[in-house]
Amino acid sequence: MVHEETAYESLVHAHGDEGHWVFGTGFDDPLAGVDTSVPPGVDRADLGAYCLMLGDDALVLSQRLTEWITRAPELEEEVAIGNIALDLLGQARLLLARAGSVGELGRSRSLATGSVPDEDALAYFRDADEFRCTPLVEEPDGDFAHAMVRLLVASSFRLAVLARLRGSRDPVVAAIAAKGVNELTYHRDHAARWVLRLGDGTDESHRRAQRAVDAIWPLTAQLFTATGVERRLVAAGVAVDPSSVRDEVRRVLAEVLARGTLTAPPEPPDAEPAGRSGEHGPALTELLSTLQGLARRHPASTW
Amino acid sequence: MPAPTPDRPPAPDETALQEHFEATIAAEHRIEPRDWMPEGYRRTLVRQIAQHAHSEIIGMQPEGDWLLAAPSLRRKAILLAKVQDEAGHGLYLYSATETLGADRADLTDKLIEGRQKYSSIFNYPTLSYADVGVIGWLVDGAAICNQVPLCRSSYGPYARAMIRICKEESFHQRQGYELLMTMMRGTEEQRAMVQDAVDRWWWPSLMMFGPPDADSPNTAQSMAWGIKRHTNDELRQRFVDMTVPQAQFLGVALPDPELAWDADAGHWRFGAVDWDEFKRVISGQGPMNDVRIARRRAARDDNAWVTEAASAYARKHAVREAAA
């Protein structure tokens, strides 16, 4: 243990960086040192679109979780939600940077000035119809039960997908997935613990948790339907077919719900993955206007 | 705030304990939770540490207001990590008060009911993204000046919490300054945002050191107890001396026409702080007092059902495990 007096001296005479950077806050290119060449036989546009799907899910859910900061039930929960939001933001940055590196920038690059990095051009200068996230991550949280049930469903799905993506032929996607699996294991565990406590807590918490489950289940209708991009990339050894994780995800959710004395609603019939091709409700537009407003008012600025 | 009431004279069997306590302080050793301590020492520490904890938690709000709108993903990550650190600081500090017999929920109630204070600086609004940088540079900078000496506080758990907190705060300060450097290298509009933020935060930052020594009733006793190490005015001067060259390097003007270098004394002399404003803000009439407390109250009240659920779940499962 550091002696108090020594620490005091080191603070008074502090110099140099002491390695306190939290992941995702560094100044470096997030893909520095990783081979970013596209494997042979992989379509660059498909790879870019796929990275946007994975990245936008993470970015939008991170933003929804961040809405809880200063509003969470306990200080421990402020810290935990902050951690999870930071992890997802870190994943989003890597995935958006990957999409940019293979040229998937769409209209955003012409709106953002040259000094804006690709990850920011994509996050701040695309409109809702260019976002490829799934409806599950878009809706605002009514209460803490909604936040935790949604996190449980979203992290169960994402963990199942990323676990398989560790073997992706794209080295960048594989590296992002390998890092993300550890993070998502914690996210899912955290959410599951809360769903148990809320489901099997008081009458009121049970009622709210069941209401959240009932509201969120229909939002999973698009989750397990593959897009054309995904089907082509599955054939190329890059992507995961979301329908292949359905059983695993449903099994995990059924177990948590049962232990939390909650009832799983009937599974919604599979729907076309409209969110993945840019069709979204008003919730996403509203979220983006908050996220993007300042950056768009100063398109020539660097921060 | 009332001064701590003088301790009643120790009972005969406490005389030896009191002597041991005073010898520990005189030798610059630490008082630990299980050691005997005078009631006034305990009460003063709880008040000071709780006020510090409340400041960390309320202090999440002014910058937290920019979390959703941060203008780049990197800035969002930096700010999110910082606000999360502040929640962590609040946790360590409330834990330190618990080693003195206080209860976090009770202290939170006192904050919400206005019976305990927090740093008045957080009652000002954050009007532009430059405020995030200026808070890091000036507000965290002032906090570090206040807090580094507390790493040598006579109370062990507080001193140890302060070491970790100061390391993180000094990191936040550098991040804030780095944001301002970036903005000053940016557009004319960005430079104007930085200057405007400095104009608004400079004087409130000087108020963070508390009232002038002549008007600081608790200082003498706290210094005698080793809870406080320097007077308010000493720390304020140290902060000004440290900050003026940083402002010059940054290229911003500090809004004080009387600011001048005193070569003989080796200090920057500065103008009079508006202590009436300080008193208004600390007594609840700052621009954001009501908003800050309302947010904290809502976090407690709107989520009370969550806390109740967690307790009910723990009780049920304790019973089931005992029965199994």
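Residues numbered from 1 in each chain as written. Chains lettered and ligands numbered in written order. Predicted model: local features only at pLDDT ≥ 70, side-chain atom pairs only at ≥ 80, totals over all residues. Heavy atoms only, no water.

(A) Focus on the interface of chain A and chain B. The interface is formed by 65 residues belonging to chain A together with 64 residues belonging to chain B. Summing both sides of the interface, chain A and chain B together bury roughly 5800 Å²; the carbon and sulfur share of this comes to 67%. Summed over the shared surface of chain A and chain B, the number is 3 salt bridges. As a salt-bridge pair, Arg104 of chain B and Glu74 of chain A come within 3.8 Å of each other at their nearest N and O atoms. The tally of links from chain A across to chain B stands at 17 residue pairs in polar contact (both at pLDDT 80 or more). Of all the secondary structure elements, the ones that give two or more residues to the side of chain A that touches chain B are helix 1 (4-12), helix 2 (44-66), helix 3 (75-101), helix 5 (118-124), helix 6 (144-165), helix 7 (171-199), helix 8 (203-216) and helix 11 (282-297) of chain A. (Contact = heavy atoms within 4.5 Å. Buried area = accessible area lost by both parts, 1.4 Å probe. Salt bridge = Lys/Arg side-chain N within 4 Å of Asp/Glu carboxyl O. Polar contact = N/O pair within 3.5 Å; in protein donor to acceptor, adjacent residues only side chain to side chain. Helix = DSSP H or I, 4+ residues; strand = E, 2+ residues; numbered from the N terminus.)

(B) Expanded view of the packing of aromatic side chains. According to the stated counting rule, one finds 14 aromatic pairs over all chains in the structure shown. With centroids separated by 5.8 Å and ring planes inclined at 75°, the aromatic side chains of Phe157 of chain A and Phe224 of chain A adopt a geometry described as edge-to-face. Here Phe157 of chain A is found in helix 6, whereas its partner Phe224 of chain A is found in the loop between helix 8 and helix 9 (228-235), with 67 residues between them in sequence. For the pair Phe157 of chain A and Phe224 of chain A, one class covers both residues: buried. Relative to Tyr41 of chain B, the ring of Phe21 of chain B has its centre 4.9 Å away and its plane inclined at 75°; by these criteria the two rings are edge-to-face. Residue Phe21 of chain B is found in helix 1 (residues 12-26), and its partner Tyr41 of chain B is found in helix 2 (residues 39-58); the two are separated by 20 residues along the sequence. The burial state of Phe21 of chain B is the same as that of Tyr41 of chain B; both residues are buried. Residue placement shows Arg126 of chain A over the ring face of Phe131 of chain A; its charged tip is 4.0 Å from the ring centre. (Phe/Tyr/Trp six-rings, centres within 6.5 Å; stacked < 30°, edge-to-face > 60°. Buried < 20%, exposed > 50% of the residue type's maximum accessible area, 1.4 Å probe, protein only. Lys NZ or Arg CZ within 6 Å of the ring centre and 35° of its normal.)

Purely geometric numbers; function is a separate question.
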